[in-house]
Amino acid sequence: MLIAPPTQSSAPDRVSFDRAELGVILSLYGRMVAAGEWRDYGMSFLRDVAIFSVFRRAAEHPLYRIEKRPRLRGAQGMYAVIGMDGRILRRGHELRLVLRVLEAKLIRSVD
């Protein structure tokens, strides 16, 4: 009896951020930590979505979630920033443009 080798699917079993995407996210994270806004992060890599969660303290719910959903690439864009309350703050095709909604938090008026 012949046993066929397992076939490799073209779709990965988990979605993840690549090195360039993580570089962009961690650059923003570092600036927000330096500004005292963020303190911790967590990452989840699931079948349909990769999530980078940002926390003010480690024991709370995330302030923001940066999500990558490749299935939405053709429609709404695969990147999204989601607030603590579950609202989508921004969605798009380019990660840098989507993250601008969070960079606005760094801009403060000087009194």
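What you see as residue numbers is a count from 1 along each chain, following the sequence as written. Confidence filtering applies because this is a predicted model: local features only for residues at pLDDT of at least 70, side-chain atom pairs given and counted only at 80 or more, and all residues used for totals across whole chains, interfaces and linings. The basis for every side-chain value is the complete set of heavy atoms in the structure, and neither hydrogens nor water enter the calculation.

Here's the deal with the sheet that holds strand β2 (residues 50-55)
Inclusion rule: Strand pairing follows a simple DSSP-based rule, namely that at least 2 bridges must link the two strands. A run of H or I in DSSP counts as a helix once it spans at least four residues, and a run of E counts as a strand once it spans at least two, with each numbered from the N terminus. Axes, fitted as lines to C-alpha atoms, cover a helix only where it is in contact. Angles between the N-to-C directions of the axes lie from 0 to 180 degrees.
Judged by pairing direction, the sheet is antiparallel, and its five strands sit side by side in the order β1-β2-β3-β4-β5 without closing on themselves. Looking at strand neighbours, the two that pair on one side only are β1 (40-45) and β5 (88-92), the edges of this open sheet. Averaged over all neighbouring strand pairs, the angle between strand axes comes to 15°, with direction disregarded. Sheet analysis places β1 next to β2, joined by six bridges and oriented antiparallel. Bridge pairing in β2 links Met43 to Phe52.

Description of the pairing of β2
A regular strand carries its side chains on alternate faces of the sheet. Short version of the rule: In this scheme, a residue with accessible area under 20% of its type's maximum is buried, one over 50% is exposed, and one in between is partly exposed, where area comes from a 1.4 Å probe on protein chains only.
Within β2, six of the six residues are buried, which leaves the element mostly enclosed by the surrounding structure. Burial of β2 is two-sided: the residues Ala50, Phe52 and Val54 facing one way and the residues Ile51, Ser53 and Phe55 facing the other way are all buried. Remark: four residues form the turn of the hairpin made by β1 and β2, two consecutive strands paired antiparallel. Examined bridge by bridge, β2 and strand β3 (residues 64-68) share five bridges and lie antiparallel to one another.

Details of the pattern of salt bridges
Where charged atoms from two side chains of opposite charge approach closely, those side chains can pair. Spelled out, the test is: Here, a salt bridge means any Lys or Arg side-chain nitrogen found within 4 Å of an Asp or Glu carboxyl oxygen.
Tallied over the full model, the rule gives six salt bridges. Between Glu103 and Arg31 there is a salt bridge, with its nearest N and O atoms 3.4 Å apart. Of this pair, Glu103 sits in helix α2 (residues 95-103) while Arg31 sits in helix α1 (residues 19-34), and the two are 72 residues apart along the sequence. Exposure remark for Arg31: the relative accessible area of 37% places this residue in the partly exposed category. Note that Arg87 is salt-bridged to Asp85, the shortest N-O span being 2.8 Å. In this structure Arg87 comes out as exposed when scored by relative accessible area, which is 53%.

A short note on the nonpolar core
Rules: The criterion is simple. A nonpolar core is a set of buried Ala, Val, Leu, Ile, Met, Phe, Trp, Tyr and Cys residues joined through side-chain atoms within 4.5 Å. Contacts are residue-level and defined by heavy atoms, with any inter-residue pair within 4.5 Å sufficient.
Trp38, Ile66, Leu99 and Leu102 are the most contacted members of the largest nonpolar core, which totals 21 residues. Counting residues per element, the ones that place at least two in this core are α1, β2, β3, β4 (79-83) and α2. Considering each element in turn, this core owes the most residues, five residues, to α1. Not counting chain neighbours up to four residues away, the residues in contact with Leu102 comprise Leu28, Met32, Trp38, Tyr64, Ile66 and Val81.

Quick notes on the environment of Asp40
Examined against the element boundaries, Asp40 turns out to sit in strand β1. Judged by its relative accessible area of 28%, Asp40 falls in the partly exposed class. Separated by 16 residues in sequence, Asp40 and Arg56 have C-alpha atoms that sit 6.4 Å apart.

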